[in-house]
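Observations on chain architecture
One letter stands for each residue in the lines below.
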Amino acid sequence: MIKLFKVKEKQKELAENANGKPPVKKQSAGELRLHKDISELNLPKTCTIAFPNGKDDLMNFEVTIRPDEGYYLGGTFVFSFQISPIYPHEAPKVKCRTKVYHPNIDLEGNVCLNILREDWKPVLNINTIIYGLYHLFTEPNHEDPLNPDAAAVLRDNPKLFESNVRRAMAGGYVGQMFFPRCV
């Protein structure tokens, strides 16, 4: 019985190829859901999305955030998204590609955002994640840090934190760590 289905499938594929059409690549459920999420994006004016590998690779893309308020005003921060074939049952892998002095983003680009970890649910979507990332820049959270040094400065001395952010974004050192310019 199984062989019969395989034969029929092969015959159908050969028939489609004989019609001069290229073979059709089946999309995974994750690709279909991601396509829907992307078509329904409602990004803030400070965020853009790009597909560096072309529109044929929806599973890997970049989001650029340019905060228009807060400590990170005027900065440009790029995030890479890698989407699993089992999306939305698994949260996307998100990394910050811009080195940034931030309590919720470590120096390797890992992002501390609850909806990317323990609070992920399949009803959430790419739009929700982008708004969550944007919110990290408008209101950084010192209570759940990935960069404990930055979190301690934000908690204990907000003016010094603001100065450190400005220095890092302008392309300079904060302590012993150099940050490339991102403004």
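Residues numbered from 1 in each chain as written. Predicted model: local features only at pLDDT ≥ 70, side-chain atom pairs only at ≥ 80, totals over all residues. Heavy atoms only, no water.

**A word on the overall build of the protein**
What the protein contains, in helices and strands, is five helices and six strands. Seen in sequence order, the protein has helices and strands lined up from the N terminus as α-α-β-β-β-β-α-α-α-β-β. Per-residue burial over the protein gives 42% buried out of 183 residues. Here the contacts in the protein between residues at least 6 apart in sequence split such that 53% fall between residues at least 24 apart. Here the protein displays about 11000 Å² of accessible surface, and carbon together with sulfur accounts for 55% of that area. (Helix = DSSP H or I, 4+ residues; strand = E, 2+ residues; numbered from the N terminus. Buried < 20%, exposed > 50% of the residue type's maximum accessible area, 1.4 Å probe, protein only. Contact = heavy atoms within 4.5 Å. Areas by Shrake-Rupley, 256 points an atom, 1.4 Å probe, with all protein chains shown as cover.)

**Comments concerning the sheet that holds strand 2 (residues 60-65)**
Sheet architecture is open: four strands sit in the order 1-2-3-4, paired in antiparallel fashion. The two strands at the open ends of the sheet, each matched to only one other strand, are strand 1 (47-50) and strand 4 (93-96). Strand-to-strand twist in this sheet, taken as the mean axis angle between neighbours without regard to direction, amounts to 20°. Here strand 2 pairs with strand 3 (residues 77-82) via six bridges, running antiparallel. Among the inter-strand pairings, asparagine 60 is bridged to a residue of strand 3, identified as glutamine 82. (Pairing = 2+ DSSP bridges. Axes fitted to C-alpha atoms, helices over the stretch in contact; angles between N-to-C directions.)

**A look at helix 3 (residues 126-138)**
Helix length check: helix 3, at 13 residues, gives a terminal C-alpha distance of 19 Å against a target of 18 Å (1.5 Å per residue), a fit within 8%. When you tally the buried positions in helix 3, you get 10 out of 13 residues, the bulk of the element. Every buried residue belonging to helix 3 is among Ile126, Asn127, Ile129, Ile130, Gly132, Leu133, Tyr134, Leu136, Phe137 and Thr138, and all of these are buried. For helix 3, the secondary structure elements touched by its buried residues are helix 2 (29-39), strand 1, strand 2, strand 3 and strand 4. Two to three positions downstream of the cap, the backbone nitrogen of asparagine 127 sits 3.1 Å from a side-chain oxygen, assigning the N-cap of helix 3 to asparagine 125. (Expected span 1.5 Å × (residues − 1). Polar contact = N/O pair within 3.5 Å; in protein donor to acceptor, adjacent residues only side chain to side chain.)

**Quick word on the packing of aromatic side chains**
Across all of its chains, the model carries 11 aromatic pairs by this definition. When the ring of tyrosine 72 is compared with that of phenylalanine 77, the centres are 5.9 Å apart and the planes differ by 80°; the resulting orientation is edge-to-face. Among the residues examined, phenylalanine 77 registers a relative accessible area of 0% and is labelled buried. Aromatic rings pair up to connect Tyr71, Tyr101, Phe161 and Phe179 into one cluster. (Phe/Tyr/Trp six-rings, centres within 6.5 Å; stacked < 30°, edge-to-face > 60°.)

**Observations concerning the pairing of strand 3**
The element strand 3 is extensively covered by neighbouring structure, given that five of its six residues are classed as buried. Of the strand pairs in this sheet, strand 3 and strand 4 are connected by four bridges, and their pairing is antiparallel. In the strand pairing of strand 4, glutamine 82 is matched with lysine 93.

**Here's the deal with the UniProt feature "active site" (unreviewed entry) in the protein**
Following the UniProt record, one finds the feature "active site" (unreviewed entry) at Cys112. Mapped onto the secondary structure, cysteine 112 falls in the loop between strand 4 and helix 3. (UniProt positions renumbered as here; feature names shortened; annotations may be inferred.)

**Regarding the environment of glycine 30**
One can find glycine 30 in helix 2. Apart from the residues lying within four places of it in its own chain, the contact partners of glycine 30 are Met59, Pro85 and Tyr87.

**Considerations on the side chain of aspartate 106**
Structurally, aspartate 106 can be placed in the loop between strand 4 and helix 3. Buried charge without a partner: aspartate 106 forms no salt bridge, and the closest opposite charge is lysine 95, 6.0 Å away. At 3.0 Å, the side chain of aspartate 106 and the backbone nitrogen of glycine 109 are in polar contact. (Lys, Arg positive; Asp, Glu negative; His and termini not counted. Salt bridge = Lys/Arg side-chain N within 4 Å of Asp/Glu carboxyl O.)

**Focus: the nonpolar core**
Core analysis: the biggest nonpolar cluster contains 46 residues, and Phe79, Phe81, Ile126 and Leu133 have the highest contact counts within it. Among the elements that line this core, the one with the most residues is helix 3, at seven residues. Apart from the residues lying within four places of it in its own chain, the contact partners of isoleucine 126 are Leu34, Asp37, Leu41, Phe61, Phe81, Ile83, Tyr87 and Pro92. (Core = buried A, V, L, I, M, F, W, Y, C linked by side-chain atoms within 4.5 Å.)

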